[in-house]
Amino acid sequence: MRKFTAIVLMGYPGSGKTRASSNECLEFGDALYLSSDELRVEMFGFRDQEHNKELFEELYKRAIDYSNKGNVLIDSTALTRKDRLRVIAKLGKYFNMRLVVIIRPIWEIVEENQIRKVSKPEEYIPEPIFKQILGRFQLPTYDEGWDNIVFYFNSSHVGDNDSKSLIKCFYDLDKVEDIPHDNPHHQESIKEHVYYVLDKVKEESSSFVLESIAYYHDLGKFYVIQYNEEKGYSQCIGHAAVSAYIYLTDFLVKAALDYVEKNDFNGSFNDLEFLLIYYGVYYHDYPYSFVNFEDMVHSLSKPSKPLVHLFGAVDNSLVGISMREFTRMLIDFNCYDRMREGDSDDE
C-alpha cells in the first residue's frame, strides 16, 4: 500500500518552481525536497547537462529510500509526456503521485533567464538551449498515471485577489514587438501573418474555436525563432508548443479572474472547447507533414499522444468529437494558415 505522496513540480526554468516549493497554500508540509539542479551540483560540481541518466537514477533512489518515511517533493522541469511517464514508472508503485504544474507568463520566463545572466550566471541557460527547452512543453494528462494534477499560476505582477494585475497577465499581441519570419515560406512578418489568418477566419467562419486557434497558433514564434546558418534562413522549431502554452496561460488567467470577480472557478481542463483550442494550436502544423488523411488520423491516435485518452474522457452529453473530426478541424484551419497576403480569391 502506498502510504506517502511524491509531489513533482513541473514547469519551465524560471517559472517559479523553487519559490512554489515553499508556498504554504500548496500544502507540501515537511516533504523531503529533491532538486535536480541542486543534485547536479552535488554530484558533478556544477550544473552539468551531460549526465542526466546518472542524475535521475540517484534522485529516484533517494526518493524510494524515503518512501516509508514521508512525502517527497521533486523539483525538475518534467516538461514532456515522456519525462513524466518515466517518473511514474520509477516511483508510481512506491508513492501516490501528485503533479503541480507551475504556469507563468512566457514573457516573464524569458525575462527571468536574461536577469539570471547577470544576477545568477550559474543558473543562466544560453539562448539556443533555452529556446529548445521552451519548445518541449506538453500539457500533462491523468492517463499518464497521476493521482492528482494541480495548476498553480505564478506571476511577479499579481498580488492576492488583484483582478487589475491579473488582467495585465493576458497575452497582448499588440504590445509585442513584431519581427520578420526571415524564411522563404513566409514573406510577411509574424504579426502580419497572424492577423491576416485571423481576419480570414472571422470573414469565412463563425467558429470561436477556429478563431482562437488563428489568434494563438504562431505566437510562440516570437520566443523560439533562431537563424539556421546551414539553411540560410530562420526557423521556429517548437513554436506550436509555446503557442499552446500561451493559450493555456490565458485560460488560467481567465479562470482566476472568474474566481476573483464572481467567486466562480470555471476552468475545466476536460472542457471540449479548451481541448480543441489547446490541441488545435499544438498540432496546427500537423497537416503539412501528411498527404493522406488516414495516415494523419492514425498518427494522432497513437498511445504516445494524449488525444485518444482525452477525447474519450469528454462527457458524451456534450457535443463530443471523434479523432476524425478533430483531424478534419486541423485540415480546415490549415487551409487558412496556408493563405498569404496578396492571394486573390480566384487563385
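**Side note on the overall build of the protein chain**
Within the protein chain, the secondary structure is distributed over 15 helices and seven strands. Burial statistics for the protein chain: of 347 residues in total, 50% are counted as buried. In the protein chain, the proportion of contacts linking residues at least 24 apart, taken out of those at least 6 apart, comes to 72%. Accessible area of the protein chain: about 17,900 Å², with a carbon and sulfur share of 49%.

**Description of the side chain of His239**
With respect to the helices and strands, His239 occurs in helix 11 (residues 239-262). Of note is the side chain of His239, whose polar atom sits 3.0 Å from the backbone oxygen of Cys236. Within the structure, the side chain of His239 is placed 3.4 Å from the side chain of His284, a separation counted as a polar contact. Filtering out sequence-adjacent residues up to four positions away, His239 remains in contact with His217, Asp218, Gly220, Lys221, Val224, His284 and Asp285.

**Quick word on the pattern of salt bridges**
This structure, assessed with the given rule, holds 18 salt bridges. Residue Arg62 pairs with Glu42 through a salt bridge whose shortest N-O separation is 2.5 Å. With a gap of 20 residues between them, Arg62 in helix 3 (residues 52-65) and Glu42 in helix 2 (residues 36-44) connect regions that are remote in the sequence. Its relative accessible area of 28% is what places Arg62 among the partly exposed residues. A salt bridge links Glu144 to Arg84; the nearest nitrogen and oxygen atoms lie 2.9 Å apart. Here Glu144 is found in the loop between helix 6 (127-134) and strand 5 (148-153), whereas its partner Arg84 is found in helix 4 (residues 81-91), with 60 residues between them in sequence. Here Glu144 and Arg84 have matching classes, each one buried.

**Describing helix 4**
Listed in full, the buried residues belonging to helix 4 are Arg81, Asp83, Arg84, Val87, Ile88 and Leu91. Along helix 4, the residues classed as buried sweep out an arc of 160° about the axis, all on the same side. Exposed and oriented more than 90 degrees from the buried face of helix 4 are Lys82 and Ala89.

**Side note on the packing of helix 9 (residues 208-216) against helix 12 (residues 272-282)**
Where helix 9 meets helix 12, the axes come as close as 9 Å, and the angle between the chain directions of the two elements is 35°. Every pair of crossing elements has a handedness; the one defined by helix 9 and helix 12 is right-handed. Side by side, helix 9 and helix 12 meet where Phe208, Val209, Ser212, Ile213 and Tyr216 of the first sit next to Glu273, Leu276, Ile277, Gly280 and Val281 of the second. Across the contact of helix 9 with helix 12, the residue classes break down as seven nonpolar, two polar and one charged.

**Some points on the environment of Asp332**
Within the fold, Asp332 resides in helix 15 (residues 323-337). By relative accessible area, which is 35% here, Asp332 ends up partly exposed. Along the chain, Asp332 and His284 lie 48 residues apart, while their C-alpha atoms are 10.0 Å from each other.

**Structural notes on the pairing of strand 3 (residues 72-75)**
Here strand 3 shows two buried faces, one formed by Val72 and Ile74 and the other by Leu73 and Asp75. Alignment of strand 1 (residues 5-10) against strand 3, held across four bridges, turns out to be parallel. In the sheet register, Val8 faces strand 3, and the bridge partner there is Ile74. The sheet contact formed by strand 2 (residues 32-35) and strand 3 spans four bridges and is parallel. Counted as the bridge partner of Leu32 is Val72 from strand 3.

**Section: the nonpolar core**
One finds Tyr12, Phe137, Tyr171, Tyr278, Tyr279 and Phe326 to be the most contacted residues of the largest nonpolar core, which totals 91 residues. Per element, the largest residue contribution to this core is 11 residues, and it comes from helix 11. When sequence neighbours within four positions are dropped, the list of residues in contact with Tyr278 reads Phe137, Gln138, Leu139, Ala244, Tyr245, Tyr247 and Leu248. One finds Ile7, Ala31, Ile102 and Tyr152 within the second-largest nonpolar core, a separate group that totals nine residues.

**Section: the packing of aromatic side chains**
Tallied over the entire structure, the rule returns 18 aromatic pairs. Relative to Phe251, the ring of Tyr247 has its centre 6.2 Å away and its plane inclined at 45°; by these criteria the two rings are tilted. Of this pair, Tyr247 and Phe251 both sit in helix 11, four residues apart, which is roughly one turn of the helix. Comparing Tyr247 with Phe251 shows no difference in burial state: the two are buried. Feature note: the residues Tyr215, Tyr216, Tyr247, Phe251, Phe274, Tyr278, Tyr279, Tyr282, Tyr283, Tyr286 and Phe290 constitute an aromatic cluster, connected by ring pairs.

**Section: the sheet that holds strand 4 (residues 96-103)**
The parallel open sheet is built from five strands, whose spatial order is 2-3-1-4-5. On the outer flanks of this sheet lie strand 2 and strand 5, each paired with one strand and no other. Sheet twist, expressed as the average angle between the axes of neighbouring strands with direction ignored, equals 20°. Relative to strand 5, strand 4 runs parallel, the two sharing six bridges. Bridge pairing in strand 5 places Val101 opposite Phe151. In this fold helix 2 packs onto strand 2 and strand 3, with an angle of close to 70° to the strand it touches most, strand 2.

Conventions we followed
- Residues numbered from 1 in each chain as written.
- Predicted model: local features only at pLDDT ≥ 70, side-chain atom pairs only at ≥ 80, totals over all residues.
- Heavy atoms only, no water.
- Helix = DSSP H or I, 4+ residues; strand = E, 2+ residues; numbered from the N terminus.
- Buried < 20%, exposed > 50% of the residue type's maximum accessible area, 1.4 Å probe, protein only.
- Contact = heavy atoms within 4.5 Å.
- Areas by Shrake-Rupley, 256 points an atom, 1.4 Å probe, with all protein chains shown as cover.
- Polar contact = N/O pair within 3.5 Å; in protein donor to acceptor, adjacent residues only side chain to side chain.
- Salt bridge = Lys/Arg side-chain N within 4 Å of Asp/Glu carboxyl O.
- Arc of directions from axis to C-beta.
- Axes fitted to C-alpha atoms, helices over the stretch in contact; angles between N-to-C directions.
- Left-handed = near helix turned anticlockwise from the far one by under 90°.
- Nonpolar A, V, L, I, M, F, W, Y, C, P; charged D, E, K, R; others polar.
- Pairing = 2+ DSSP bridges.
- Core = buried A, V, L, I, M, F, W, Y, C linked by side-chain atoms within 4.5 Å.
- Phe/Tyr/Trp six-rings, centres within 6.5 Å; stacked < 30°, edge-to-face > 60°.

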